[in-house]
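# Remarks on the overall topology
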Amino acid sequence: MTNKGKRVKVHYRGTLDDGTQFDSSYDRGEPLEFICGSGQMIAGFDEAVLTMEVGSKVSVHLEAAKAYGERDENLVVSFPAEQVPDMGSITVGDRVMLRGPQNMPLPATVTQITPKSVTVDANHELAGKALNFDIELVEVEG
């Protein structure tokens, strides 16, 4: 049995190895819906749901490669201050939107501001981290 290509609904709780919770559909009171195996989810999460049956629960540990990938220092970029719109209102920790290949939106976090430049990090905030998920399959369509 496989859920590949099927619309599934799951409840999940995501934690770091130290037990810190970073996300939970239970807390939102609404399951997450996606097409299994379509690349909408991180690889390890998708793989975990692939063979689950409705009502079953699984706990998985994902190394960074199966989660949000390793950190890529090439995604930490500095821009000259004169190229930064709203330079005076930006603060460290702000989320900004850059434009990537094919003009795709690329979220980034401001990590450093100097009088001459602004440095941003476009890595996902969970890049380079192992993740743990408790997943419960609540519905499968198709």
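Scroll up for the structure.
Below: a short report on this structure. Everything numeric here is computed off the predicted structure, so don't read it as measured data.

## Some remarks on the sheet that holds strand β8 (residues 117-121)
- The strand order across the open sheet built from four strands is β5-β8-β7-β6, with neighbouring strands paired in antiparallel fashion. Each end of this open sheet is capped by a strand with a single partner; those strands are β5 (76-80) and β6 (95-99). In this sheet, neighbouring strand axes are inclined to one another by 45° on average, regardless of whether the strands run parallel or antiparallel.

## Comments concerning unusual backbone geometry
- One non-glycine residue, Asp86, adopts positive backbone phi at about 55°.
- Located in the positive-phi region is Asn103, a residue other than glycine, with phi close to 65°.
- Position of Asn103 among the secondary structure elements: in the loop between β6 and β7 (105-113).
- Classification of Asn103 by relative accessible area gives exposed; the value is 53%.

## Some remarks on the pattern of salt bridges
- Under the definition given, this model contains seven salt bridges.
- Taking the shortest distance from any N to any O, the salt bridge between Glu73 and Arg71 comes out at 3.3 Å.
- On the basis of relative accessible area, Glu73 is assigned to the exposed category, the value being 52%.
- The exposure class assigned to Arg71 is partly exposed, which follows from its relative accessible area of 39%.

Basis of the calculations
- Residues numbered from 1 in each chain as written.
- Predicted model: local features only at pLDDT ≥ 70, side-chain atom pairs only at ≥ 80, totals over all residues.
- Heavy atoms only, no water.
- Pairing = 2+ DSSP bridges.
- Helix = DSSP H or I, 4+ residues; strand = E, 2+ residues; numbered from the N terminus.
- Axes fitted to C-alpha atoms, helices over the stretch in contact; angles between N-to-C directions.
- Buried < 20%, exposed > 50% of the residue type's maximum accessible area, 1.4 Å probe, protein only.
- Salt bridge = Lys/Arg side-chain N within 4 Å of Asp/Glu carboxyl O.

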